[in-house]
Amino acid sequence: MPLSKRQRQINLDWCIGEVFPQRGDLTIFDTSWLSHEEQRFLETIRFPKRRSEWLSGRWTAKRMLLSVVPALAGKTMAEISVENHHHGYPLVKVGGEPLAGCLSISHRSERAAAAYTANEGIWIGIDLEWIEERHPAFLQDYFTGEEIEWVISAPTEAQAGRTTLLWSAKEAALKALRLGLAVDTHLIQVFPGMATNLGDWRILEYRSNLPEEGHRLIGWWQQRGNYMVTLAVQLQTGEIPSIRLREIQLSE
């Protein structure tokens with residue numbers, strides 16, 4: 001069936017990579033795969049854990065981009081520069097020029113994740129979290145009353161998973177909105193679906209009380225072992241797209 005005039009195809013590629021990967025004789029500790037701008041930024045990161053996470057996110061993102069962007073055929077990793085926009089989100093440049101589309105990066109524990117769409121005018125967010133128990137004060141600080149009720153209504157053994165899911169979904173949404181955690185997370189309420197949608201993904205619905213208008217959020221979530229993965233997409237109000245999610249396998 002052909003897409004309607006108000007419906008367009010959105011292709012969203014995503015992947016999960018190791019924090020300490022190896023690719024032949026090249027590792028993330030050999031920074032020759034970084035662009036000059038990335039190497040300069042790396043020198044400003046003081047803490048080893050933060051450096052490893054930052055490197056892992058760039059490594060994973062670049063390898064995925066090389067796999068899915070035809071325009072990057074023949075490019076080296078050093079020719080791709082994943083820089084920070086002044087608003088905080090990643091901006092990909094090739095030869096000093098911005099790459100079309102939108103990239104999102106996340107990292108947690110021993111994994112890094114990245115998502116990319118070449119579609120213009122689409123903002124996306126990916127988040128990767130380790131499922132763990134949180135202090136009750138965490139729920140009060142970041143969740144709405146309805147969200148807290150949803151967490152505590154679950155059996156005790158399932159509450160950590162629900163807490164992590166809500167937190168991850170909010171992180172992904174704020175990335176897609178280009179806002180970050182400076183925003184009160186109570187203003188975005190998450191409604192996780194339990195039925196699978198688009199393969200292993202389950203739907204995420206959002207209700208935003210942010211003052212900005214003209215957009216809406218949709219998302220998905222899935223659990224991988226003890227990790228929670230969430231994706232969010234910011235769309236124009238009224239837009240009903242056809243969305244394809246594709247996982248990219250990064251061979252070591």
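Attention here is on the structure that accompanies the text.

Structural notes on the overall build of the protein chain
The secondary structure content of the protein chain amounts to five helices and 14 strands. The C-alpha extent of the protein chain, read off along each of the three principal axes, is 50 × 45 × 35 Å. Classification of the 252 residues of the protein chain by burial places 49% in the buried group. A fraction of 57% describes how many contacts in the protein chain between residues 6 or more apart in sequence connect residues 24 or more apart. Carbon and sulfur atoms form 51% of the exposed surface of the protein chain, whose accessible area is close to 12900 Å². For the protein chain, the distance from the average position of its 27 positive side-chain charges to the average position of its 31 negative side-chain charges is 4 Å.

Some words on helix 4 (residues 145-152)
Among all positions in helix 4, only Glu147, Ile148 and Val151 are buried. One side of helix 4 holds all its buried residues, which, seen down the axis, span an arc of 100°. The elements touched by buried residues of helix 4 are helix 3 (136-142), helix 5 (156-176) and strand 10 (188-196).

Each value, and the rule that gives it
- Residues numbered from 1 in each chain as written.
- Predicted model: local features only at pLDDT ≥ 70, side-chain atom pairs only at ≥ 80, totals over all residues.
- Heavy atoms only, no water.
- Helix = DSSP H or I, 4+ residues; strand = E, 2+ residues; numbered from the N terminus.
- Buried < 20%, exposed > 50% of the residue type's maximum accessible area, 1.4 Å probe, protein only.
- Contact = heavy atoms within 4.5 Å.
- Areas by Shrake-Rupley, 256 points an atom, 1.4 Å probe, with all protein chains shown as cover.
- Lys, Arg positive; Asp, Glu negative; His and termini not counted.
- Charge placed at Lys NZ, Arg CZ, Asp CG, Glu CD.
- Arc of directions from axis to C-beta.

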